[in-house]
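Topology and contacts: notes
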Amino acid sequence: AEEQVRPAAVSSSQDAQHDTAKDGGEAEDVGEAEDSAQKDAGEVSEEEAGRLLEEQAAQVATHQQVLHKAAAHALAKRQKQWADKARDIGVQYSVCVHMLREKQQTLLLPWALHEYGQTLWYQGNSHGAAQAWNDSLDCIFTAINVGRHWRDH
C-alpha cells in the first residue's frame, strides 16, 4: 500500500510545478533556477570564459618559458660534453701523428693529419686545421709548403 502512495505523491508535486510554470506566475524563478543549474553543470558566461582563457594562456606561456630554459640548459650541457670529447679526440690524434712521424709511416701519416685537421676545425681552430692539412699535403708530395707553392712546381 505504501508503494502506491509514493508514486502518487511524486506525480502530484510534478504536476504542481508544471501548473505554476504554465501560469507564468513564477516563470522568472524557474528561469533563474535553470540559469543556476546551467552554471552548476559547467556552463559559464562569456566574461568568465574569457578570464579562464587568459589564465590558461598565461599558464601555457609560463610552461613554455620553463621548457625553453630547460632545453637551453640541456643543449649547453651537451655542447660542453661534445667539446670535451672533441678535445680528447684531438689530443689522441696529436699523439698518433707524433708516433707516426717517429716511426716514419708515410702511408698512414697523411690520413692521420687530415683527420686531425678535421677535429681541429670542429673545435673552431681553423689555423691549426689549415696547418695540419698543409702538413698532410707535405707528407703526400714529400716537399715543404706544397699547399703554398703548388703553382711553382
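Residues numbered from 1 in each chain as written. Predicted model: local features only at pLDDT ≥ 70, side-chain atom pairs only at ≥ 80, totals over all residues. Heavy atoms only, no water.

1. Regarding the packing of helix α3 (residues 46-103) against helix α4 (residues 109-123)
The condition that has to hold: Axis lines are fitted through C-alpha atoms, for helices just across the contact stretch, and the angle between N-to-C directions can take any value from 0 to 180 degrees. Here a helix means four or more residues in a row that DSSP labels H or I, a strand means two or more in a row labelled E, and each is numbered from the N terminus. Oblique is the label for any angle not covered by the other classes, which are roughly parallel (under 35 degrees), roughly antiparallel (over 145) and roughly perpendicular (65 to 115). Note on convention: near helix rotated counterclockwise from far helix by under a right angle means a left-handed crossing. Clockwise means right-handed. Residues count as neighbours in contact if any of their non-hydrogen atoms are within 4.5 Å of one another. Think of it as three bins: nonpolar holds Ala, Val, Leu, Ile, Met, Phe, Trp, Tyr, Cys and Pro, charged holds Asp, Glu, Lys and Arg, and polar takes everything else, Gly as well.
It is the contact of α3 with α4, at a shortest axis distance of 9 Å, that shows an interaxial angle of 155°. One element, α3, and the other, α4, form an angle in the roughly antiparallel class. α4 is crossed by α3, and the crossing has left-handed handedness. The segment α3 lies against α4, with Trp82, Ala86, Arg87, Ile89, Gly90, Tyr93, Ser94, Cys96, Val97, Leu100 and Arg101 engaging Leu109, Ala112, Leu113, Glu115, Tyr116, Thr119, Tyr122 and Gln123. Looking at side-chain class alone, the contact of α3 with α4 contains 12 nonpolar, four polar and three charged residues.

2. A closer look at the environment of Asn134
Here Asn134 is to be found in helix α5 (residues 126-141). Along the chain, Asn134 and Val146 lie 12 residues apart, while their C-alpha atoms are 7.3 Å from each other.

3. Here we look at the packing of α4 against α5
In the contact formed by α4 and α5, the axes pass within 8 Å of each other and the chain directions differ by 170°. Between α4 and α5, the crossing angle belongs to the class labelled roughly antiparallel. Facing Leu109, Pro110, Leu113, His114, Tyr116, Gly117, Gln118, Leu120 and Trp121 of α4, the residues of α5 in contact are Ser126, Gly128, Ala129, Ala132, Trp133, Asp135, Ser136, Cys139 and Ile140. Of the residues contributing to the contact of α4 with α5, the split by class is 11 nonpolar, six polar and one charged.

4. With respect to α4
What counts is decided by this rule: Helix span, as expected, comes to 1.5 Å for every residue beyond the first. Only protein chains enter the calculation, and the probe is 1.4 Å; a residue is then buried if its accessible area is under 20% of its type maximum, exposed if over 50%, and partly exposed in between.
Helix length check: α4, at 15 residues, gives a terminal C-alpha distance of 21 Å against a target of 21 Å (1.5 Å per residue), a fit within 8%. Buried within α4 we find Leu109, Pro110, Ala112, Leu113, Tyr116, Gly117, Thr119 and Leu120. Just beyond α4, the residue with positive phi is Gly124, at close to 95°.

5. As for unusual backbone geometry
A positive phi angle, close to 55°, is found at Gln104, a residue other than glycine. Along the chain, Gln104 turns up in the loop between α3 and α4. Even without being a glycine, Asn145 presents a positive backbone phi close to 55°. In this structure, Asn145 sits in the segment after α5.

6. Here's the deal with the pattern of salt bridges
For clarity, the cut-off: Whenever a carboxyl oxygen of Asp or Glu lies within 4 Å of a side-chain nitrogen of Lys or Arg, that contact is scored as a salt bridge.
Under the definition given, this model contains five salt bridges. For Arg51, the salt bridge goes to Glu55, with nearest N and O atoms at 2.4 Å. Highlighted residues: Arg51 and Glu55, both in helix α3, separated by four residues, approximately one helical turn. Judged by its relative accessible area of 39%, Glu55 is partly exposed. Arg87 serves as the salt-bridge partner of Asp84, at 3.0 Å between the closest nitrogen and oxygen.

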